[in-house]
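The primary structure of each chain is shown beneath.
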Amino acid sequence: MEKKIIATTSLAGCFGCHMSFLDIDERILDLIELVEFNKSPIDDIKNFTKQVDIGLIEGGCCNSENIELLKLFRENCNILVSFGECAIMGGLPALRNGIPIEECLQEAYIDGPTVGENKQKILPNNEELPMLLDKVYPCHEIVKIDYFLPGCPPRAELIWNALVALVTGKEMELPYEVVKFD
Ligand code: SF4
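The structure reproduced in this document is the subject of the present report. (Residues numbered from 1 in each chain as written. Predicted model: local features only at pLDDT ≥ 70, side-chain atom pairs only at ≥ 80, totals over all residues. Heavy atoms only, no water.)

## Thoughts on the site of the ligand
Thought 1: Around the ligand, a shell composed of Gly 13, Cys 14, Gly 16, Cys 17, Glu 58, Gly 84, Glu 85, Cys 86, Gly 151, Cys 152 and Pro 153 is seen.
Thought 2: Contributions of two or more residues to the shell around the ligand are made by α1 (16-22) and α4 (85-89).
Thought 3: Along the lines of polarity and charge, the residues of the shell around the ligand split into five nonpolar, four polar and two charged. (Near = heavy atom within 4 Å. Helix = DSSP H or I, 4+ residues; strand = E, 2+ residues; numbered from the N terminus. Nonpolar A, V, L, I, M, F, W, Y, C, P; charged D, E, K, R; others polar.)

In structure tokens form, the structure reads like this:
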């Protein structure tokens, strides 16, 4: 069977979903018999070098760079999967969505208890920096998403089952213990 191509990225996420992916442990050896990784932090390939079968997106969109990268993945991936709550609904970063952006910046860079020296009360403002969005957007509000893998992070079993199903075209096995979150 021809190997499927996989790409992954983290937008406004904590890399916990990628860590959970790696929790498939020794099955990664089985996986690399079935797939080849392209652009991904897993193999550190920075740019797409070919059209990809399956793209996994961790994290939602909190800045302009996240939007550009998500659109690039949509263009280059036949199937796009939101994996993890941050990609699906914004997750923890979206806690800022009810707070005006000016207040968020004030707290983060000027008033917050963990702010170090900033006597001149400077807010980051450089054209090199990605533009912060008015709120954190789930991926499906920016581009079409084909599948959603819930969890924070999704369990390794769920990621494994979903990938095997997508790669082999077989129906996905979803035992109860893989999708219960209590
Ligand atoms: Fe991290 Fe959870 Fe968000 Fe995944 S869903 S990026 S583990 S906070």
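## What to know about the nonpolar core
Thought 1: With 20 residues, the main nonpolar core has Phe 21, Leu 31, Leu 56 and Leu 163 as its most contacted residues.
Thought 2: Considering each element in turn, this core owes the most residues, seven residues, to helix α6 (residues 156-168).
Thought 3: Core analysis: the next-biggest nonpolar cluster, separate from the first, contains 18 residues, Val 52, Tyr 137, Cys 139 and Val 143 among them. (Core = buried A, V, L, I, M, F, W, Y, C linked by side-chain atoms within 4.5 Å. Buried < 20%, exposed > 50% of the residue type's maximum accessible area, 1.4 Å probe, protein only.)

## A short note on the packing of helix α2 (residues 27-34) against α6
Thought 1: Contact geometry of α2 with α6 gives a least axis separation of 11 Å together with a crossing angle of 20°. Between α2 and α6, the angle is such that the two are roughly parallel. Where α2 crosses over α6, the two elements pack in a sense that is left-handed. Note on element contacts: α6 touches α2 through Glu 157, Trp 160, Leu 163 and Val 167, opposite Arg 27, Asp 30, Leu 31 and Leu 34.
Thought 2: Residue classes in the contact of α2 with α6 are distributed as five nonpolar, no polar and three charged. (Axes fitted to C-alpha atoms, helices over the stretch in contact; angles between N-to-C directions. Parallel < 35°, antiparallel > 145°, perpendicular 65-115°, else oblique. Left-handed = near helix turned anticlockwise from the far one by under 90°. Contact = heavy atoms within 4.5 Å.)

## Details of the side chain of Lys 39
Thought 1: Relative to the helices and strands, Lys 39 is located in the loop between β2 (35-37) and β3 (52-58).
Thought 2: Here Lys 39 sits buried without a salt bridge, and the closest side chain of opposite charge, Asp 44, lies 8.7 Å off (N-O distance).
Thought 3: Within polar-contact distance, the side chain of Lys 39 engages the backbone oxygen of Lys 46 at 2.6 Å. (Lys, Arg positive; Asp, Glu negative; His and termini not counted. Salt bridge = Lys/Arg side-chain N within 4 Å of Asp/Glu carboxyl O. Polar contact = N/O pair within 3.5 Å; in protein donor to acceptor, adjacent residues only side chain to side chain.)

## Some details on a negative patch on the surface
Thought 1: On the surface, Asp 23, Asp 25, Glu 26, Asp 30 and Glu 33 cluster together into a patch of negative charge.
Thought 2: Its location among the elements puts Glu 33 in helix α2. (Patch = residues over 30% accessible without salt bridge, like charges linked within 9 Å, V, L, I, M, F, W, Y side chains within 5 Å. Areas by Shrake-Rupley, 256 points an atom, 1.4 Å probe, with all protein chains shown as cover. Charge placed at Lys NZ, Arg CZ, Asp CG, Glu CD.)

## What to know about the pattern of salt bridges
Thought 1: Here the structure, examined in full by the defined rule, presents six salt bridges.
Thought 2: Measuring nitrogen to oxygen at the nearest pair gives 3.1 Å for the salt bridge that ties Asp 146 to Arg 74. Here the residue Asp 146 occupies a position in the loop between β6 (132-137) and β7 (147-149), and Arg 74 occupies one in helix α3 (residues 64-76), the gap between them amounting to 72 residues.
Thought 3: The salt bridge involving Glu 117 is made with Lys 119; its shortest N-O contact spans 3.2 Å.
Thought 4: The class of Lys 119 is exposed, set by a relative accessible area of 70%.
Thought 5: If you follow the salt bridges from partner to partner, you end up with Arg 74, Lys 144 and Asp 146 in one network.

## Details of the sheet that holds strand β5 (residues 77-83)
Thought 1: An order of β2-β1-β3-β5-β7 is seen for the five strands of this open sheet, with the pairing classed as parallel. Because the sheet does not close on itself, it has two edges, and the strands there are β2 and β7. Within the sheet, the average angular offset between the axes of one strand and its neighbour, ignoring direction, is 30°.
Thought 2: As judged from the five bridges shared by strand β1 (residues 4-10) and β3, these two strands associate in the parallel manner. Across the sheet, residue Ile 6 finds its bridge partner in β3, namely Ile 54.
Thought 3: Docked against the sheet, α2 engages β1 and β2, running at close to 95° with respect to β2. (Pairing = 2+ DSSP bridges.)

## Let's talk about the packing of aromatic side chains
Thought 1: What the rule picks out here adds up to two aromatic pairs.
Thought 2: When the centroid spacing of 6.1 Å and the interplanar angle of 45° are considered together, the rings of Phe 21 and Phe 37 count as tilted. Here Phe 37 lies in strand β2 and Phe 21 lies in helix α1, a separation of 16 residues in the sequence. Of the two residues, Phe 21 and Phe 37, both sit in the buried class.
Thought 3: Each ring, one from Phe 48 and one from Phe 73, has its centre 4.9 Å from the other, and the planes form 65°; the classification is edge-to-face. A residue pair is termed long-range when its members are at least 10 positions apart, and Phe 48 in the loop between β2 and β3 and Phe 73 in helix α3 qualify at 25 residues.
Thought 4: For Phe 73, a relative accessible area of 0% gives the class buried. (Phe/Tyr/Trp six-rings, centres within 6.5 Å; stacked < 30°, edge-to-face > 60°.)

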